[in-house]
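# A closer look at the structure
Residue strings, one per chain:
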Amino acid sequence: MTGRELEWSRGDRAKAAAKLMVGWVALLWLLEVVDVVSGHALDGLGITPRTPSELVDVVPAAFIHFGFAHVAANSVPLLVMGFLAALGGLRRFAAVCALIIVADGLGVWLIAPAHTNTAGASGLIFGLFGYLLVTGFVERRPLGVLVGLLVGAVWGTSILVGLAPTQSGVSWQGHLLGLVAGVATAFVFKRRTPEPT
């Protein structure tokens with residue numbers, strides 16, 4: 001592959017990642033519009049812990065929010081971190097997101113306080129943060145390490161605040177579980193370095 005071909009493939013990958021994440025965030029806003037117009041009918045897709053029928057909401061809960069301010073707070077970090085993670089390949093990114101969303105949702109279902117309703121993309125955001133933070137170190141890729149350090153510098157403080165159990169109305173359990181799931185995902189989807197021939 002020539003340098004020009006490699007450059008184009010990287011450019012195409014960046015365009016695909018950008019389109020995916022703009023579409024993803026747009027979907028979250030559209031769903032919130034539908035939720036408001038329907039009298040918040042979609043809020044029921046959040047996770048109520050330890051209720052067997054709520055297991056079907058583990059995945060949808062990651063796409064539902066409680067108001068436009070909730071969506072707005074999640075939009076920029078999801079857009080940026082999702083874009084950076086998707087640069088590694090869309091299929092890999094889809095698998096990473098699926099694992100984080102399912103692990104985080106099941107964890108919330110198991111340990112969140114009774115009679116609560118948890119929804120939003122923040123569990124995925126915390127997961128992508130953890131994934132980006134450690135992937136470069138796990139795979140020993142200098143560019144990945146740099147990305148992880150930059151992500152940590154920009155969002156590290158917000159992540160720590162989001163883990164504090166003192167915030168009312170915030171699922172620190174979902175944040176913590178998402179973070180742990182993201183770090184674990186970096187190991188699960190570790191790229192194998194080809195052995196020298």
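For the structure, see preceding data.
My aim in this report is to walk through the structure given alongside it, one point at a time.

Definitions and cut-offs
Residues numbered from 1 in each chain as written. Predicted model: local features only at pLDDT ≥ 70, side-chain atom pairs only at ≥ 80, totals over all residues. Heavy atoms only, no water. Phe/Tyr/Trp six-rings, centres within 6.5 Å; stacked < 30°, edge-to-face > 60°. Helix = DSSP H or I, 4+ residues; strand = E, 2+ residues; numbered from the N terminus. Buried < 20%, exposed > 50% of the residue type's maximum accessible area, 1.4 Å probe, protein only. Polar contact = N/O pair within 3.5 Å; in protein donor to acceptor, adjacent residues only side chain to side chain. Contact = heavy atoms within 4.5 Å. Salt bridge = Lys/Arg side-chain N within 4 Å of Asp/Glu carboxyl O.

Here a ring pair, both rings aromatic, is described through the centre-centre distance and the interplanar angle of the planes. Taken as a whole, this structure holds 3 aromatic pairs when the rule is applied. Measuring from ring centre to ring centre gives 5.7 Å for Trp24 and Phe63, while their planes differ by 15°; the resulting arrangement is stacked. Residue Trp24 is located in helix 1 (residues 3-37), and its partner Phe63 is located in the loop between helix 1 and helix 2 (68-86); the two are separated by 39 residues in the primary sequence. Accessibility expressed as a relative area gives 14% for Trp24, which makes it buried. On the basis of an interplanar angle of 65° and a centroid distance of 6.1 Å, the ring pair of Trp24 and Phe93 is categorised as edge-to-face. A residue pair is termed long-range when its members are at least 10 positions apart, and Trp24 in helix 1 and Phe93 in helix 3 (residues 90-111) qualify at 69 residues. Three or more aromatic residues joined by ring pairs make a cluster, and in this case those are Trp24, Phe63 and Phe93.

Relative to the helices and strands, Arg92 is located in helix 3. Side-chain polar atoms of Arg92 contact the side chain of Glu139, separated by 2.5 Å. Non-local contacts of Arg92, meaning those with residues more than four positions away in its chain, are made with Tyr131, Glu139, Phe189, Lys190 and Arg191.

Let us now look at the pattern of salt bridges. All told, the structure shown has 3 salt bridges when counted by the stated rule. In this structure, Glu139 and Arg92 form a salt bridge, with 2.5 Å as the shortest nitrogen-oxygen distance. Placement of the pair is Glu139 in helix 4 (residues 122-139) and Arg92 in helix 3, with a sequence separation of 47 residues. The buried category is assigned to Glu139, whose relative accessible area is 5%. A relative accessible area of 14% places Arg92 in the buried class. A salt bridge links Glu139 to Arg141; the shortest N-O distance between them is 3.0 Å. Through salt bridges with shared partners, a single network forms among Arg92, Glu139, Arg141 and Arg191.

The analysis is restricted to geometry; functional conclusions fall outside its scope.
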